[in-house]
2 protein chains.
Amino acid sequence: MKIYEMKIAPSPRRVRIFLAEKGIEMEYVEVNLQKGEHHSAEFKAMNRFKTVPLLELDDGTFISETVAICRYFEELQPEPRLMGRNPRECGVIEMWNRIIELNWLLPTGMCFQHTTDYFAAFKKQVPEWGELCRDKSRDFFDLLNDHLATQPYIAGEDYSIADITALCTLDFNKVNQLRPQPHQEHLLAWHKRVSSRPSASA
Amino acid sequence: MKIYEMKIAPSPRRVRIFLAEKGIEMEYVEVNLQKGEHHSAEFKAMNRFKTVPLLELDDGTFISETVAICRYFEELQPEPRLMGRNPRECGVIEMWNRIIELNWLLPTGMCFQHTTDYFAAFKKQVPEWGELCRDKSRDFFDLLNDHLATQPYIAGEDYSIADITALCTLDFNKVNQLRPQPHQEHLLAWHKRVSSRPSASA
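Criteria and cut-off values
- Residues numbered from 1 in each chain as written.
- Chains lettered and ligands numbered in written order.
- Predicted model: local features only at pLDDT ≥ 70, side-chain atom pairs only at ≥ 80, totals over all residues.
- Heavy atoms only, no water.
- Helix = DSSP H or I, 4+ residues; strand = E, 2+ residues; numbered from the N terminus.
- Rg over C-alpha atoms; globule rule 2.2 N^0.38 Å.
- Buried < 20%, exposed > 50% of the residue type's maximum accessible area, 1.4 Å probe, protein only.
- Contact = heavy atoms within 4.5 Å.
- Areas by Shrake-Rupley, 256 points an atom, 1.4 Å probe, with all protein chains shown as cover.
- Lys, Arg positive; Asp, Glu negative; His and termini not counted.
- Charge placed at Lys NZ, Arg CZ, Asp CG, Glu CD.
- Pairing = 2+ DSSP bridges.
- Axes fitted to C-alpha atoms, helices over the stretch in contact; angles between N-to-C directions.
- Least-squares fit on C-alpha atoms with pLDDT ≥ 70 in both.
- Buried area = accessible area lost by both parts, 1.4 Å probe.
- Salt bridge = Lys/Arg side-chain N within 4 Å of Asp/Glu carboxyl O.
- Polar contact = N/O pair within 3.5 Å; in protein donor to acceptor, adjacent residues only side chain to side chain.
- Nonpolar A, V, L, I, M, F, W, Y, C, P; charged D, E, K, R; others polar.

### A word on the overall build of chain A
- In terms of helices and strands, chain A carries 7 helices and 4 strands.
- Overall, chain A shows an N-to-C arrangement of helices and strands of β-α-β-α-β-β-α-α-α-α-α.
- Relative to its length of 202 residues, chain A is compact, with a C-alpha radius of gyration of 17 Å against a globular reference of 17 Å.
- Its C-alpha atoms put chain A at 50 × 45 × 30 Å along the principal axes.
- Classification of the 202 residues of chain A by burial places 58% in the buried group.
- Put simply, 64% of the contacts in chain A that link residues at least 6 apart link residues at least 24 apart.
- Per element, the accessible surface of chain A, about 8,900 Å² overall, is 51% carbon and sulfur.
- Chain A carries 25 positive and 29 negative side-chain charges, and their two centres are separated by 3 Å.

Written out as structure tokens, the structure reads:
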């Protein structure tokens, strides 16, 4: 079993933190997206969507998509639970993970893709769209600060995959020059709480 | 237990089909998005993100996000399985569900939002971005046709949540004037296969 990834990218980091929380060791293979290594015939044969992270199972199955990879390991080794212990928890955690993805990670990534040179050679850019996405990501810092005023973690009392998604999204916002502001005290306290876990440096 | 939805919208339809496949009866409450009913103080108190579908549990918990609602019911009543029976199946089905969402449903929705009048009063539109999304959605019809040349369902041999997402996305593409083409025979055969299930008219 091995995972193809690019270590500095936010999505592979989500998987590394998830596996570190579960204490699962993994072999990693670096794929350099900036050099276009994901466009090679060899990589496309493994994943026609050309994304990392990409999990290769020992039976030759390939699983792409960050949360699909996490789901595989949650089912393989349930403890410690990062996606819920009962129907209500599973629903609430999946809700928050998706809220963070759709309202924060997605605009963060699109701002980066449409307003910087990083992917300019590979994708058509619409800077006006990228700036709207920057606004949306900035607004989400305040929303999340309000949300964290009454609970220690994104989905409630317990650390979950939603915290991993939010941590990687917040840190990745550096590339868009967006950082937590001093008045966002609940967001800052949460960020310190999740960043101090050993998994954060995985 | 009840679900707030708008019957003609694609995301609520995903949940209705999912519940019909499991044989679960539900009370539905209609929310008219075009009249802006999701912007009311009453609705925002239930869901600050103002989205439908929205599940209200008997204990007062609200769960938004289509797949989070499906996850709740998959955990509550596992059979018939729509999200996988073992780690590998769960991973592969989640991968395909997310591939359909990110590469087809998302551009389909953004094309609709940015190139029609439907949401013009509520959202800033970037028509150039909407047209790029239309191209992306159109391209995906061919990709999915190729994918379905070798297997009957999106995630393999069995019907799953990924087929529900793809069916609702394909049908919703009517609003963007995108339909399957006669040469996309595998896609057309799959569409007939999944549309003929009783759940498709839920």
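### What to know about the sheet that holds strand β3 (residues 54-56) of chain B
Residue and element names in this part refer to chain B.
- Read across the sheet, 4 strands follow the order β2-β1-β3-β4 without closing on themselves; strand pairing throughout is mixed. Looking at the sheet topology across the chains shown, the edges are occupied by β2 (27-30) and β4 (62-64). Strand after strand, the sheet turns through a mean of 25° between neighbouring axes, direction not considered.
- Two strands pair when backbone bridges link them, and strand β1 (residues 2-5) and β2 are joined in this way by 4 bridges, in the parallel orientation. For E5, the partnering residue across the bridge sits in β2 and is E30.
- Each of β1, β3 and β4 is contacted by helix α3 (residues 66-76), which is oriented at about 125° to β4, the strand it contacts most.

### Looking at the relation of the copies chain B and chain A
- After a rotation of 180° and a shift along the axis of 0.0 Å, chain B superposes on chain A with an RMSD of 0.0 Å. Overall, the copies show the geometry of a two-fold rotation axis. Judged by C-alpha distance, W129 of chain B is the residue of chain B that lies nearest the rotation axis, at 3.4 Å.
- A share of 98% of the interface residues of chain B reappears at the interface of chain A, consistent with the copies meeting face to face through the same patch.

### Details of the interface of chain B and chain A
- At the junction of the two partners, chain B supplies 41 residues and chain A supplies 40 residues.
- Both faces considered, chain B and chain A share a buried interface measuring about 3,600 Å² in area, 69% of it formed by carbon and sulfur atoms.
- If you sort the residues of chain B by the area they bury against chain A, F49, R98 and W129 of chain B come out on top, with a joint share of 17%.
- We note a salt bridge from R88 of chain A to D59 of chain B, for which the minimum N-O separation is 3.4 Å.
- Here chain B is connected to chain A by 10 residue pairs in polar contact (both at pLDDT 80 or more).
- Elements supplying a minimum of two residues to the side of chain B that touches chain A: β4, α3, α4 (87-115) and α5 (127-147) of chain B.
- With 17 residues, α4 of chain B is the single largest residue contributor to the side of chain B that touches chain A.
- Considering only residue class, the side of chain B that touches chain A consists of 22 nonpolar, 7 polar and 12 charged.

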